[in-house]
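Overview (structure and organization)
Next come the chains, spelled out residue by residue.
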Amino acid sequence: MGDLGSAVLAAIALIRDGDPAMLGILGLSLRVSLTALGIAALVGLPLGALLAVARFPGRHALVIGLNALMGLPPVVAGLLIYLLLSRSGPLGRFGLLFTPTAMVIAQAALIAPILAALSRGVLEALWEEYADQLRSFGAGPWRAVPTLLWDGRFALLTVLLAGFGRAAAEVGAVMVVGGNIEGFTRTMTTAIALETSKGDLPLALALGLVLMAIVLGVNMLAQALREAAGRGGA
Amino acid sequence: MLPIRAEAVDYAAGGVPILRGVTLTLEAGPPCLIIGPNGAGKSVLLRLLHGLLRPAAGRITPAAAIRGAMVFQRPVLLRRSVLGNLRYPLALAGLGREEQARRAAAALDRVGLAALAHRPARRLSGGEQQRLALARAAALAPDVLFLDEPCASLDPAATRAVEAIIAGIAAEGCKIVMTTHDLGQARRLAGEVVFLNRGRVVEQSPAAAFFAGPASAEAAAFLRGELLW
Ligand SMILES: Nc1ncnc2c1ncn2[C@@H]1O[C@H](COP(=O)(O)OP(=O)(O)OP(=O)(O)O)[C@@H](O)[C@H]1O
Ligand SMILES: [Mg+2]
């Protein structure tokens, strides 16, 4: 009990003083997860929109596949990217393994299917409502994609926040492809895992508190957006 | 686009026949009012003529993906401002920004919504939404405008105002094809009447003749308020 109490106090002190090691880890984590989110959004949102409007053979299987990929364990995603990037892998000559870039790739691969599957659900409902009206204006499914992405923007923001939350909180993928190298590829989640096993509870706790604050903040923002969108039907 | 001809058109949904052997011609001229009881098939007929539905049998000419513009019985407004709703189809039709702005402003003025231009469209009242949907379709300056009960949620004054707008659009040379349950409105607007009952065109007559004494017993019963679905 005394241990826990002093660890919490030490953690709070680290946060209060803006401990440079902690801030470095925090900065890298945010950079990696936000970049991964950006890349995953560029792929996932248009894919979700396409799946919402297009009817082609294999679409159903693709939707089921994406929904299944939503539950992909991060450590397995990490393993697959590891095999791609390792020296003998197809992308080995770029020497990306154990760099922040590798972590970005792994997280993007992890959350792109999530963004695609969630945005498909959101946009399919919107398309059902809009389809006749847009066809009446002379817009087919292809032209509808940018319209749906724009008119569904509030709902899609909550989808993005869900993706970011998943990326920021996962540990398996970044651990496997990043290697948890101090000052280079050590993120909040891998640092927490390491410091806990080493027994440096204050730093682990401090990072844990910051991570919880971020995840909580993201969820509150998502909730507020949902309510704003629901109120306005904007 | 005119004349639009439907020849022996059948339509069914889920194995249930909805329209049977519909033959009619829409020529340039005063408004054509499609009347008939609930469930007669009026909305389905408008969607077929507009091009949103394909006939199961028979044909509609000219063969085009979409004929004219349409206002649905339940208007679908985009999640945008009132002005954004007006500009969307104009942009889609390839009009330049200035022309879009000019037409949108004129259309808003026409339906009395100029003061609401920057409001989110879906927060308008039911009647305001219906007027916006009418303005949006009319701004396209189509040669045929299909209107499915365009006054259904309007108060009496707004109904008269919208009737005047519709008459104005018709006077500019646009063929109006519309449904209504308001027989007074049909008398005021119609140049010709198509009477639809149970998925069949029972008669297509000049309005004056129709209201003076319809050719069919069914239409006569309908006008007396005695024909039920
Ligand atoms: N997609 C559909 N699937 C099954 N039945 C349909 C479909 N669309 C229309 N119907 C049926 O076809 C009939 C005609 O419908 P329609 O909407 O054209 O009637 P209406 O004449 O416009 O009636 P109202 O005056 O109530 O608007 C109705 O019985 C309706 O239930
Ligand atoms: Mg109807």
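Cut-offs and rules
- Residues numbered from 1 in each chain as written.
- Chains lettered and ligands numbered in written order.
- Predicted model: local features only at pLDDT ≥ 70, side-chain atom pairs only at ≥ 80, totals over all residues.
- Heavy atoms only, no water.
- Helix = DSSP H or I, 4+ residues; strand = E, 2+ residues; numbered from the N terminus.
- Buried < 20%, exposed > 50% of the residue type's maximum accessible area, 1.4 Å probe, protein only.
- Contact = heavy atoms within 4.5 Å.
- Areas by Shrake-Rupley, 256 points an atom, 1.4 Å probe, with all protein chains shown as cover.
- Lys, Arg positive; Asp, Glu negative; His and termini not counted.
- Charge placed at Lys NZ, Arg CZ, Asp CG, Glu CD.
- Arc of directions from axis to C-beta.
- Near = heavy atom within 4 Å.
- Polar contact = N/O pair within 3.5 Å; in protein donor to acceptor, adjacent residues only side chain to side chain.
- Nonpolar A, V, L, I, M, F, W, Y, C, P; charged D, E, K, R; others polar.
- Donors = N, O, S within 2.8 Å, 3.2 Å for Na, K, Ca; no water.
- Salt bridge = Lys/Arg side-chain N within 4 Å of Asp/Glu carboxyl O.
- UniProt positions renumbered as here; feature names shortened; annotations may be inferred.
- Buried area = accessible area lost by both parts, 1.4 Å probe.
- Pairing = 2+ DSSP bridges.
- Axes fitted to C-alpha atoms, helices over the stretch in contact; angles between N-to-C directions.

As annotated in an unreviewed UniProt entry, chain B is ATP-binding cassette domain-containing protein from Belnapia mucosa.

**A look at the overall build of chain B**
For chain B, the count of helices and strands is eight helices and nine strands. Each of the 229 residues in chain B was classed as buried or not, and the buried ones make up 49%. Considering only intrachain contacts with a sequence separation of at least 6, the fraction spanning at least 24 residues in chain B is 63%. In the form shown here, chain B has an accessible surface area of approximately 9,800 Å², with 52% of it arising from carbon and sulfur atoms. Charge centroids of chain B, computed over 27 positive and 18 negative side chains, lie 7 Å from each other.

**Quick notes on helix 3 (residues 59-69) of chain A**
All names here are of chain A. All buried positions along helix 3 are accounted for by Arg59, Val63 and Leu66. End-on view of helix 3: buried residues confined to an arc of 65 degrees, all on one side of the axis. Turned more than 90 degrees off the buried face of helix 3, the exposed positions are His60, Ala61 and Ala68. The inward-facing, buried residues of helix 3 abut helix 2 (20-53) and helix 5 (100-136).

**Things to note about the site of ligand 1**
Residue and element names in this part refer to chain B. The immediate surroundings of ligand 1 are formed by 13 residues, with Asn38, Gly39, Lys42, Ser43 and His181 found nearest. Gln73 is positioned with one of its side-chain polar atoms (N or O) 3.0 Å from an oxygen atom of ligand 1. Between an oxygen atom of ligand 1 and a side-chain N or O atom of Glu149, the distance comes to 3.5 Å. Here the shell around ligand 1 gets three residues from one element, more than from any other, and that element is helix 1 (residues 42-50). Residues that form the shell around ligand 1 fall into these classes: five nonpolar, six polar and two charged.

**Quick look at the coordination of the magnesium ion (ligand 2)**
Residues and elements named next belong to chain B. Looking at the metal site, the magnesium ion (ligand 2) is ligated by Ser43 (OG) and Gln73 (OE1), spaced 2.0 to 2.3 Å from it. Placement of Ser43 in helix 1 and of Gln73 in the loop between strand 5 (69-71) and helix 2 (82-92) is noted, with a sequence separation of 30 residues between them. On the basis of relative accessibility, which here comes to 37%, the residue Gln73 falls in the partly exposed class.

**Here we look at the pattern of salt bridges**
Enumeration over the complete set of coordinates arrives at 17 salt bridges over all chains. A salt bridge links Arg122(B) to Glu129(A), with the shortest nitrogen-to-oxygen separation between them at 2.8 Å. Of this pair, Arg122(B) sits in the loop between helix 3 (97-110) and helix 4 (126-138) while Glu129(A) sits in helix 5, on two different chains. Classification of Arg122(B) as partly exposed rests on a relative accessible area of 27%.

**Brief notes about unusual backbone geometry**
Across the junction of Leu2(B) and Pro3(B), the peptide omega takes the value -5 degrees, indicating a cis bond. Topologically, Pro3(B) is positioned in the segment before strand 1 (4-13). That bond from Thr61(B) to Pro62(B) is cis: its omega, -5 degrees, falls within 30 degrees of zero. Among the structural elements, Pro62(B) can be located in the loop between strand 4 (57-61) and strand 5. Its identity is not glycine, yet Phe98(A) carries a phi of approximately 65 degrees, on the positive side. Residue position: Phe98(A) is located in the loop between helix 4 (74-85) and helix 5. Although it is not a glycine, Asn180(A) adopts a positive phi angle of roughly 55 degrees.

**Quick notes on the UniProt feature "domain: ABC transporter" (unreviewed entry) in chain B**
Per the UniProt annotation, the sites labelled "domain: ABC transporter" (unreviewed entry) are residues 4-223 of chain B. Along residues 4-223 of chain B, the helical share is 38% and the strand share 25%, with 27 Å between the first and last C-alpha atoms.

**Structural notes on the interface of chain B and chain A**
Often the size quoted for an interface is simply the accessible area lost on bringing the parts together. On the side of chain A, 19 residues touch chain B, which itself brings 19 residues to the contact. Interface area, chain B with chain A, both sides summed: about 1,800 Å², of which 52% is carbon and sulfur. Three residues, Arg79(B), Tyr88(B) and Leu92(B), lead the burial of chain B against chain A; their summed loss comes to 34% of the area buried on that side. Remark: the boundary between chain B and chain A carries four salt bridges. For the pair chain B and chain A, the number of links is 10 residue pairs in polar contact (both at pLDDT 80 or more). Ranked by the residues each element gives to the side of chain B that touches chain A, the list is headed by helix 2 of chain B, at three residues. Across the side of chain B that touches chain A, the residue classes tally to 11 nonpolar, two polar and six charged.

**Comments concerning the sheet that holds strand 4 of chain B**
Residues and elements named next belong to chain B. Strand order in the open sheet made by the three strands is 2-1-4, with antiparallel pairing throughout. The open sheet has two edge strands with one neighbour each: strand 2 (16-26) and strand 4. When strand polarity is set aside, the average angle formed by the axes of neighbouring strands in this sheet is 25 degrees. Here strand 1 pairs with strand 2 via seven bridges, running antiparallel. Paired with Ala6 across the two strands is Leu24, which belongs to strand 2.

**Re the sheet that holds strand 5 of chain B**
All names here are of chain B. Sheet architecture is open: six strands sit in the order 5-6-7-3-8-9, paired in mixed fashion. A strand with exactly one partner marks an edge of an open sheet, and here the two such strands are strand 5 and strand 9 (200-206). For this sheet, the mean angle separating the axes of adjacent strands, direction not counted, is 15 degrees. Where strand 3 (residues 32-35) lies against strand 7 (residues 175-179), three bridges are found, and the strand directions are parallel. Directly across from Leu33, in strand 7, lies its bridge partner Met178. Along the sheet, helix 1 contacts strand 3, strand 5, strand 6 (144-148), strand 7 and strand 8 (192-197); its crossing angle with strand 6, the most-contacted strand, is approximately 160 degrees.

**Comments concerning the environment of Ala169(A)**
Looking at where Ala169(A) falls in the secondary structure, it is placed in helix 7 (residues 153-169). Between the alpha carbons of Ala169(A) and Gly217(A) there is a distance of 13 Å; along the sequence they are 48 residues apart.

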